[in-house]
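Observations on chain architecture
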Amino acid sequence: RAIAADLDAPHEKHSLLTGKDVWRQLHVFHGELRELPDRRAHELIGEQARRTPHAVAAVRGELRWTYAELDQRANAVANRLLAAGARPGDVVAVLSDRTLPWVAAILGILKAGLVYLPVDPAYPHSRIAGILRRSGTKLLLAEVPTEPIADVPVLPLEAAGPTIDPQVSVPADAPAYIYFTSGSTGEPKGAVCAHAGMLNHLSAKIDDLGLTEQDAVCQNAPQCFDISLWQVLAPLLVGGRTVLVPPQVILDVEAFVSTLDRERITVLQVVPSYLEVLLGHLDLSPHQRPTPRIVCVTGEAISRSLVARWFGCFPDVPLVNAYGATEVSDDTTHEIMRALPATELVPVGRPVQNVSVYILDSQLALVPFGAPGQIAFAGICVGPGYINDPDKTAAAFVPDPFRPDQRMYLTGDYGRWLPNGHLEFLGRRDEQVKISGMRVEVGEVENTLLRVPGVRSACLVVVPIGTSKRLAAFFTADEPVPDLKRRLADLLPAHMVPSTVHQLDALPLTENGKVDKAALVAAALRAG
Ligand code: ADP
């Protein structure tokens, strides 16, 4: 907290930026300016399908779809949605595992000018219903027949339909998709992104990772994590293939490595904790050696020692530290490493094309070059905000001081510019934490605990386990609360459910009357 207050301090005392600072920042804080094609991603993928109809586009296990097959199935989805009454800008949720029809559904929704919203069938029913309600979802495409949820009519994910492209014209600033992330006030919030921001991110990935038709991109991210989208769409824009790897294979690292090898996967993006699992496995089984061409890590800070281990194992395979947020169309900076960086913290790199990064003080003024402050993103990446939530949108999306007709997104992250113009990530200014790369707002879990009948007070802490971490919840209640973990699992997605819950007579307090989180972490470590 003390550090946070210092990082947030206004910088008036530094007086104005010096002329040199302004000059450096103006050059440093913008990614390259690149013109994007005046077409939407799904149109470009349609053109690719006409160029290489027989090439393999999407793979899952034994199943392989060519570009022509995928395109036709996507058209069928689009036509079915339009026939069911969906109109431009309507939200269509997809309740499905990551299967080939799921890929067709994403493309079909975009082709019909609708807004894609993924929901994970493993989520608690109440959370799915809440997300559908909050987003005003019009139709639900479901893999498995289900009753309407939150009164939203259900269509089967797979069904026959006319396979002619409906040729719906979609403006570049129209919303393309929504991902719901954890919200600190107790409800998940739905970050909307537009077609232009999505295409910019896809083409940044294509250029910075050098994607071509030779590439097979691993699609391993859960469908409710925005990373899953580029893992599907970026390879399809260049004639490559997306290889869907089911969750049970990801959990079995040996099977995962075999899949990388068997499918000749060339491009992989994982969270640092999974990279660690992968390297640990390869240490034990050196005969199993996949040969990716390039690997990205994202979602949370990666340690220097993990990067060192990577290059010890794969000296010739570049490692890209990709940093961004769902609200700004996914990754907005890339650090492309070919060797261990010299700095103690692993940099998050340079802004990607058409994206600007500002480092701001508490008054939202630029800090001097190299000073720490809050990271804000501006440019084409900035999404319209949170669906049906003008208050949260207004708090996080504020006018861009350098382009008054545009907005910037305040990340809540601290960072600073390194002398070479690369960005360093310095942590969070609030209580958002990452568990396996996925966002968890401490406040959301605590509020959910407080909703359980009988619970009087609650506190969630993050407990280190080796280089990784887990959640532990402490609570007080009028009487014993049986099965609290199971009850939380009925309300929260698995990654947000604390791995241990502990009932206390009272929460320990520090001298100044706040909950003593350090004592709770120590207690969780003792309890094991
Ligand atoms: P994503 O766009 O990767 O899905 P989320 O929206 O889930 O990201 O979370 C965004 C937050 O995750 C960022 O504000 C930051 O706190 C953290 N984050 C993302 N990538 C990195 C990274 N490479 N290094 C450090 N923190 C990261």
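Residues numbered from 1 in each chain as written. Predicted model: local features only at pLDDT ≥ 70, side-chain atom pairs only at ≥ 80, totals over all residues. Heavy atoms only, no water.

With that settled, the discussion passes to the sheet that holds strand S26 (residues 500-503). With mixed pairing, three strands are arranged side by side in an open sheet as S24-S25-S26. The sheet is open, and its two edges are formed by strand S24 (455-465) and S26, each paired on a single side. Neighbour to neighbour, the strand axes of the sheet diverge by 25° on average, direction disregarded. The pairing of strand S25 (residues 468-477) with S26 spans four bridges and is parallel. Bridge assignment links Phe474 to a residue of S26, and that residue is His502. Running at roughly 140° to S24, helix H14 (residues 442-451) makes contact with S24 and S25 of the sheet. Together, S24, S25 and S26 form the strand contacts of helix H16 (residues 517-527), whose direction differs from that of S24 by roughly 70°. (Pairing = 2+ DSSP bridges. Helix = DSSP H or I, 4+ residues; strand = E, 2+ residues; numbered from the N terminus. Axes fitted to C-alpha atoms, helices over the stretch in contact; angles between N-to-C directions. Contact = heavy atoms within 4.5 Å.)

The pairing of strand S20 (residues 403-417) with strand S21 (residues 423-428) spans five bridges and is classified as antiparallel. Paired with Arg416 across the strands is Glu424, a residue of S21. Linking S20 back to S21 in an antiparallel pair, the connection comprises five residues, with Gly421 at a positive phi of about 80°.

This paragraph deals with the site of the ligand. Around the ligand sit 20 residues, and of these Asp226, Ala322, Thr326, Asp413 and Arg439 come closest. Asp226 is positioned with one of its side-chain polar atoms (N or O) 2.4 Å from an oxygen atom of the ligand. Interatomic distance of 3.1 Å between a backbone N/O atom of Gly299 and a nitrogen atom of the ligand. Within the complex, the protein chains bury 97% of what would otherwise be the 550 Å² of accessible surface of the ligand. Taken together, the elements giving at least two residues each to the shell around the ligand come down to strand S13 (319-325), S21 and strand S22 (432-435). Ranked by residues supplied to the shell around the ligand, first place goes to S13 with five residues. Here the shell around the ligand is built from residues that sort into seven nonpolar, six polar and seven charged. (Near = heavy atom within 4 Å. Polar contact = N/O pair within 3.5 Å; in protein donor to acceptor, adjacent residues only side chain to side chain. Areas by Shrake-Rupley, 256 points an atom, 1.4 Å probe, with all protein chains shown as cover. Nonpolar A, V, L, I, M, F, W, Y, C, P; charged D, E, K, R; others polar.)

A few words on the packing of aromatic side chains. The geometry of an aromatic ring pair is captured by the separation of the ring centres together with the interplanar angle, meaning the angle of the planes. The final tally for this structure, using the stated rule, is eleven aromatic pairs. Ring centres of Tyr386 and Phe397 lie 5.7 Å apart, and the angle between their planes is 75°; this geometry places the pair in the edge-to-face category. A residue pair is termed long-range when its members are at least 10 positions apart, and Tyr386 in strand S18 (residues 385-386) and Phe397 in strand S19 (residues 397-400) qualify at eleven residues. For Tyr386, a relative accessible area of 6% gives the class buried. An aromatic cluster is present here, built from Phe29, Tyr358 and Phe402 joined pairwise through their rings. Here the guanidinium or amino end of Arg127 rests over the ring plane of Tyr123, the centre of that ring lying 6.0 Å away. Just above the ring of Trp230 sits the side chain of Lys205; from NZ or CZ to the centre is 5.3 Å. (Phe/Tyr/Trp six-rings, centres within 6.5 Å; stacked < 30°, edge-to-face > 60°. Buried < 20%, exposed > 50% of the residue type's maximum accessible area, 1.4 Å probe, protein only. Lys NZ or Arg CZ within 6 Å of the ring centre and 35° of its normal.)

Moving on, we get to the side chain of Ser96. Looking at the secondary structure, you find Ser96 in the loop between strand S3 (91-95) and helix H5 (100-111). The buried category is assigned to Ser96, whose relative accessible area is 0%. With residues up to four places along the chain from it excluded, the contact list for Ser96 reads Trp102, Val119, Pro121, Glu143, Leu157 and Gln223.

In this structure, Arg264 is a non-glycine residue whose phi angle is positive, near 50°. The residue Arg264 is located in the loop between helix H10 (253-262) and strand S11 (267-270) in this model. A residue is classified by how much of its surface remains accessible, and Arg264, at 60% relative accessible area, is exposed. Non-glycine residue Asn354 carries a positive phi angle of around 60°.

Tallied over the entire structure, the rule returns 26 salt bridges. One salt bridge connects Asp38 with Arg40, and the closest N-O pair in it is separated by 3.2 Å. Under the relative-accessibility criterion, Asp38 is labelled exposed at 66%. On the basis of relative accessibility, which here comes to 10%, the residue Arg40 falls in the buried class. Residues participating in the shared-partner salt-bridge network are Glu32, Arg34 and Asp207. (Salt bridge = Lys/Arg side-chain N within 4 Å of Asp/Glu carboxyl O.)

It is worth spelling out the pairing of strand S2 (residues 63-66) at this point. For strand S1 (residues 56-60) and S2, the ladder comprises four bridges, and the chain directions are antiparallel. Counterpart to Arg60 in the pairing with S2 is Leu63. What sits between the antiparallel neighbours S1 and S2 is a turn of two residues, in which Gly61 has the positive phi angle 60°.

Grouped together as the largest cluster of nonpolar side chains are 93 residues, with contacts concentrated most on Leu81, Leu141, Phe256, Leu275 and Leu319. With nine residues, the top contributor of residues to this core is H5. Residues contacting Leu141, with those up to four places away along its chain left out, are Val77, Arg80, Leu81, Val92, Ala93, Val94, Leu95, Ala105, Ile109, Leu155, Pro156 and Leu157. Core analysis: the next-biggest nonpolar cluster, separate from the first, contains 33 residues, Ala325, Leu360, Val398 and Trp417 among them. (Core = buried A, V, L, I, M, F, W, Y, C linked by side-chain atoms within 4.5 Å.)

Attention now moves to the environment of Val515. Within the secondary structure, Val515 is located in the loop between S26 and H16. Judged by relative accessible area, which is 30%, Val515 ranks as partly exposed. Not counting chain neighbours up to four residues away, the residues in contact with Val515 comprise Cys459, Leu507, Pro508, Leu509, Thr510 and Leu520.

This brings us to the packing of H5 against helix H8 (residues 227-237). Interhelical geometry of H5 versus H8 gives an angle of 80° and a closest axis separation of 11 Å. Taken together, the axis directions place H5 and H8 in an arrangement best described as roughly perpendicular. Each of Trp102, Val103, Ile106, Leu107 and Leu110 in H5 lies in contact with H8, whose residues at this interface are Ser228, Leu229, Val232, Leu233 and Leu236. For the contact of H5 with H8, the class distribution of residues is nine nonpolar, one polar and no charged. (Parallel < 35°, antiparallel > 145°, perpendicular 65-115°, else oblique.)

If you trace the backbone, Gln231 turns up in helix H8. For Gln231, a relative accessible area of 0% puts it in the buried group. Among the polar contacts made by the side chain of Gln231, one reaches the side chain of Gln219 at a distance of 3.0 Å. With residues up to four places along the chain from it excluded, the contact list for Gln231 reads Val217, Cys218, Gln219, Asn220, Ala221, Thr242 and Gln269.

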